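Below are the chains, spelled out letter by letter.
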Amino acid sequence: MKYGKEYLSQMLPEWKEAYLDYTHLKTLLKDILRFKQKEGEHKGQTQQESLVRDLTFYRSFSGLHKRKSHDFKYGGGGDIEDQFIVVKEVKGANSNVKYETNFLEDATDQEVVFFNTLDYEFSKVDKFYKDRVEEVMNEVLLLNKQMDALIALRIKVENPNLDMSLSGAVRELVADVANLAATSTVSNPSPPRMPRKEQMFVIQETGLADEEDSEGSNGGVDVDKSNGGSDNFKPAHLEILEHVKINNEPETPKSTIKAMLLKGSKDKKLKFNRKQLKRAEEQLKQVFIEFHWKLRQLKHYSFMNLKALSKAMKKYDKITLRGASKSYLWAVDNSYIGSSDEITAVLERVETTFVKHFCDSNRRKGMKSLRPTAKKAKHKTTFFLGYFAGCTTALLVALVLVINARKLVHKEGRTQYMENIFPLYSLFAFIILHMLMYAVNIYFWRCYRVNYPFIFGFKQGTELGYREVFLLSAGLTLLSLAGVLANLDMEMDPGTQSYQTVTELVPLGLVTLVLAIAFCPFNSIYRSGRFFFIKSIWRCICAPFYKVTLIDFFLADQLTSQVQAFRSLEFYICYYVWGDFRKRQNSCRQSAIYNSFYFIVAVLPYWSRLLQCLRRWVEEKDVSQVYNGLKYLLTIIAVLMRTAYDLEKGTSWRAVAIISSAIAAIMSTYWDIVKDWGLLQRHSKNPWLRDKLLISHTSVYFIAMVLDVILRLAWLQSVVNFNVPLLHRTALTTIVACLEILRRGMWNFFRLENEHLNNVGKFRAFKSVPLPFNYYDEDSSKDD
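Anyway, here's the lowdown on the structure attached to this text. Along each chain, numbering runs from 1 in the same order as the chain's sequence is written. The predicted origin of the model limits local features to residues at a pLDDT of at least 70 and limits the giving and counting of side-chain atom pairs to 80 or more, whereas totals for whole chains, interfaces and linings rest on all residues. To get the side-chain values, all heavy atoms of the structure are used, and hydrogens and water are removed first.

## As for the overall build of the chain
Then step 1. Helix and strand labels come from DSSP, where a helix needs a run of H or I of at least four residues and a strand needs a run of E of at least two; each type is numbered from the N terminus. Secondary structure assignment for the chain yields 29 helices and four strands.
Then step 2. Type-normalised accessible area, obtained with a 1.4 Å probe on protein chains alone, sets the label of each residue: buried when under 20%, exposed when over 50%, and partly exposed for intermediate values. Counting over 784 residues, the chain shows a buried share of 45%.
Then step 3. Sequence-distant contacts in the chain: of pairs separated by 6 or more residues, those separated by 24 or more amount to 73%.
Then step 4. Areas reported here follow the Shrake-Rupley algorithm with a probe of radius 1.4 Å; residue values treat only the protein chains shown as occluding. Here the chain has roughly 41700 Å² of accessible surface; of this, 59% comes from carbon and sulfur atoms. Residue contacts are counted whenever heavy atoms from the two residues lie within 4.5 Å of one another.

## Some words on the nonpolar core
Then step 1. Among the nonpolar cores identified, the biggest contains 79 residues, and F114 and F115 are the most heavily contacted of them.
Then step 2. Ranked by residue count, the leading element in this core is helix α5 (residues 109-158), at 19 residues.
Then step 3. Among the nonpolar cores identified, the runner-up in size contains 32 residues, and Y417, I432, Y572 and Y576 belong to it. Nonpolar cores are built from buried Ala, Val, Leu, Ile, Met, Phe, Trp, Tyr and Cys residues. Side-chain atoms within 4.5 Å join them into one set.

## What to know about helix α20 (residues 527-541)
Then step 1. By this rule, a helix spans an expected 1.5 Å times one less than how many residues it contains. In a regular helix each residue adds 1.5 Å, so 15 residues correspond to 21 Å; α20 covers 21 Å between its end C-alpha atoms and thus fits that length.
Then step 2. Those residues of α20 lying buried are R530, S536 and C540. What you see down the axis of α20 is that its buried residues fit within an arc of 130 degrees, all on one side.
Then step 3. Packed against the buried residues of α20 are α19 (506-518), α21 (550-560) and α23 (592-620). Note that the arc is computed from the directions linking the helix axis to the C-beta atoms.

## What to know about the pattern of salt bridges
Opposite charge on two side chains makes pairing possible when the charged atoms of those side chains draw close.
Then step 1. Every case where a carboxyl oxygen of Asp or Glu lies within 4 Å of a side-chain nitrogen of Lys or Arg is listed as a salt bridge. Applying the stated criterion across every chain, the model contains 27 salt bridges.
Then step 2. With a closest N to O distance of 3.6 Å, E105 and R322 form a salt bridge. On the criterion of sequence distance, the pair formed by E105 in the loop between β2 (97-103) and α5 and R322 in the loop between α8 (274-320) and α9 (325-333) is long-range, its members being 217 residues apart.
Then step 3. With its nearest N and O atoms 3.2 Å apart, the salt bridge here joins E111 to R322. Separated by 211 residues along the polypeptide, E111 in helix α5 and R322 in the loop between α8 and α9 bring together distant segments of the chain.
Then step 4. Overall, R322 belongs to the partly exposed group, its relative accessible area being 22%.
Then step 5. Put simply, D672, D708, R712, E740 and R743 are held in one network by salt bridges that share partners.

## Examining a positive patch on the surface
Then step 1. In this analysis, a patch consists of residues with relative accessible area above 30% that form no salt bridge, clustered at 9 Å for like charges and at 5 Å for the nonpolar side chains Val, Leu, Ile, Met, Phe, Trp and Tyr. All tallies of charge rest on Lys and Arg as positive and Asp and Glu as negative; His and the ends of each chain are not included. Charge placement uses NZ in Lys and CZ in Arg. For Asp and Glu, CG and CD serve respectively. Taken together, the side chains of K2, K5, K30, K307, K311, K314 and K315 define a basic patch exposed on the protein surface.
Then step 2. Within the fold, K30 resides in helix α2 (residues 22-42).

## Remarks on a nonpolar patch on the surface
Then step 1. A cluster of nonpolar side chains, namely L614, W617, V618, V623, V626, Y627, L630, L633 and I637, defines an oily patch on the protein surface of about 770 Å² accessible area.
Then step 2. Put simply, the parts of the chain that give the nonpolar patch at least two residues each are α23 and α24 (624-648).
Then step 3. Among the elements that make up the nonpolar patch, the one with the highest residue count is α24 (five residues).
Then step 4. Counting through the fold element by element, L633 comes out in helix α24.

## Overview of the state of the cysteines
Then step 1. The definition used for a disulfide is geometric: two cysteine sulfur atoms within 2.5 Å. In the structure shown here, the tally under the stated rule is one disulfide.
Then step 2. Covalent S-S linkage joins C574 and C588, the inter-sulfur distance amounting to 1.9 Å. Its S-S torsion of about -115 degrees marks the bond between C574 and C588 as left-handed, since a negative value means left-handed. Highlighted residues: C574 in helix α22 (residues 563-578) and C588 in the loop between α22 and α23, separated in sequence by 14 residues.
Then step 3. Its relative accessible area of 4% is what places C574 among the buried residues.

## Here we look at the packing of helix α11 (residues 342-358) against helix α12 (residues 363-370)
Then step 1. At a minimum axis separation of 9 Å, α11 and α12 run at an interaxial angle of 120 degrees. When the interaxial angle is binned, α11 and α12 end up oblique. Between α11 and α12 lies a crossing whose hand is right-handed. Residues E351, F354 and V355 of α11 form the contact with α12, whose own contacting residues are R363, G366, M367, S369 and L370.
Then step 2. Any residue outside Ala, Val, Leu, Ile, Met, Phe, Trp, Tyr, Cys, Pro, Asp, Glu, Lys and Arg is labelled polar, Gly included; the first ten of those are nonpolar and the last four are charged. The class makeup of the residues in the contact of α11 with α12 is four nonpolar, two polar and two charged. Only the stretch in contact is used when a helix axis is fitted, and all axes are lines through C-alpha atoms; the angle between N-to-C directions ranges over 0 to 180 degrees. Here roughly perpendicular refers to angles of 65 to 115 degrees, roughly parallel to angles under 35, roughly antiparallel to angles over 145, and oblique to all remaining angles. Put simply, a crossing is left-handed when the front helix is turned counterclockwise from the back one by less than a right angle, and right-handed when it is turned clockwise.

Written as structure tokens, this is what we have:
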């Protein structure tokens with residue numbers, strides 16, 4: 001792989017604009033090369049001689065530095081006559097450092113443009129790195145204070161009767177431990193004579209920053225080497241606990257209601273018990289993991305940009321034989337990004353602290369948590385995917401042949417089958433189609449480098465790729481088709497017609513098997529992904545009692561496209577509980593309870609989204625969430641009117657259903673295109689789209705907008721009575737529901753593309769994990 005492609009592939013997607021524009025610099029270098037070729041032709045050289053000369057340039061560069069035995073003045077000594085450029089630092093606005101290149105010899109216009117661009121890119125990279133390092137050092141101070149509180153809480157939990165002032169013999173004991181710690185540079189062993197409950201005093205931490213910067217941290221070890229450290233020792237005082245309140249209570253519907261009822265009360269003080277300590281440790285552990293990931297990415301950012309600068313200058317020297325790389329790279333080495341080692345130092349301290357305090361000094365265990373191995377594609381996944389796909393194709397062909405050979409379409413019991421059995425199996429069709437669309441989404445998100453694991457909040461290394469999702473959908477398709485064929489074969493075979501009850505139980509057995517796999521507690525079949533999905537579903541059900549995250553409202557939007565699937569589940573309950581499934585008969589539509597729930601299950605997904613919008617409006621004070629909630633309210637009204645018309649079949653109901661559905665469709669379409677996708681911006685660089693696009697072909701966006709409008713209007717068929725002669729009404733409803741799932745799959749890609757571009761614009765690349773402890777002084781400063 002060429003370096004340019006490798007460089008692009010290793011970029012952090014959200015920081016793409018902050019990296020050195022290596023591709024543009026290569027283009028400028030090609031301009032310099034073409035100019036020199038033309039210059040050689042102008043002097044009378046033939047094209048062949050020019051190519052030979054360029055080849056000589058490239059070959060001779062490998063020994064260029066060997067032939068030059070002297071150094072440049074600005075690179076460690078030498079004569080100024082040997083230099084071509086001088087790079088200077090210039091103080092800009094807000095004390096920002098910029099780099100400017102001055103030429104000591106005549107340079108072509110192309111070279112001037114190249115170095116001006118290089119200076120701009122170098123200054124941009126240096127400033128971005130410096131700003132990120134400043135942010136990191138501020139986070140280090142916060143983590144120091146968090147560790148102080150955690151260590152104090154550990155000591156208090158281990159010694160519940162301990163005086164908060166740490167006076168008398170206890171303070172002397174801690175000072176003795178500090179003296180022992182001062183004599184060791186590796187670890188802080190505890191004296192053998194210490195009782196079990198006093199072991200927690202051995203936990204000492206100098207903080208995450210350098211020792212010179214941590215003198216003000218109560219959680220650090222500050223030893224005055226001149227007097228042995230007995231006077232100036234600063235342990236993790238238990239008085240810290242008097243100035244700290246807890247912030248790690250798990251959010252549940254119960255806690256949310258309690259917080260609303262007890263708003264403004266001081267019921268968040270620390271409770272000195274192991275349960276509270278365990279929660280704080282788990283939360284702070286996750287904070288360290290995310291912080292370590294950020295440090296690694298910053299270090300990689302520095303390495304990549306420095307390497308790109310070196311590559312660009314070496315290519316310049318190859319083309320021009322100027323020997324300017326040494327002067328420029330000397331300036332790079334002396335810049336902030338080239339000489340700063342804060343990130344490396346903090347990275348080492350974070351690893352040491354994490355291993356010591358969260359992994360019982362087991363470095364292998366700690367580094368496994370901090371540096372999770374990248375998920376590798378397994379050959380067995382590809383094998384089983386191909387195997388299941390082949391079996392599915394064979395069963396599909398067999399199903400078509402059975403239907404045609406036995407002429408089931410024209411059988412007398414066709415209507416009975418479509419009204420009783422077809423809705424049972426259509427549930428699997430809805431789920432499989434949605435899974436296939438999600439797999440396609442993942443494939444294109446990866447192609448266009450949309451960081452979907454970060455956006456959805458997946459734990460590193462646990463996200464499913466498109467192959468895994470395809471495998472799950474292929475497996476479910478195989479089970480479904482096998483059930484359909486088994487059902488038909490048992491029904492048509494004279495030898496098994498007496499087992500009609502067993503025949504009718506095949507769909508119920510499939511649903512039971514799928515639910516058993518979904519809730520299986522064993523570590524198999526992507527347990528982490530399954531549990532993440534179940535937790536997200538639960539948060540959607542319990543809206544608005546959970547704080548709304550992106551995965552919550554994204555998943556709730558998926559559920560709004562599965563209304564027919566929820567109605568199929570309702571039919572399962574009615575058919576197997578109240579219906580006479582042994583005779584393949586049901587009276588669900590004549591049941592008032594069934595009709596009532598027929599309304600409720602269709603409205604539930606939209607109701608959940610409405611409550612999520614209201615929760616976000618209350619917390620974020622974002623007025624747009626009110627309009628978004630209004631959109632779902634109009635959709636709820638439209639669904640209720642369509643359902644009422646479907647059950648009553650009155651002319652007045654039809655008119656109301658058409659009007660409400662049209663209004664809801666118009667507002668939903670506008671919100672899809674303008675708000676969710678960010679398109680139809682009049683003054684954007686790309687007319688009627690948006691400034692930044694991931695897909696180079698703009699026609700794709702216009703086609704997507706047209707398709708979204710058409711598919712949004714497809715649900716109107718239920719009120720306009722659009723009938724197809726060869727299709728049963730149930731089949732037509734199923735097709736329309738599948739079209740809505742296809743529309744949702746298309747919506748998913750552009751919705752996440754817009755979210756990703758918003759993250760890129762704000763350089764937002766890391767999860768924000770809440771800290772377990774809040775200091776009272778911090779709260780008062782926030783209020784001010």
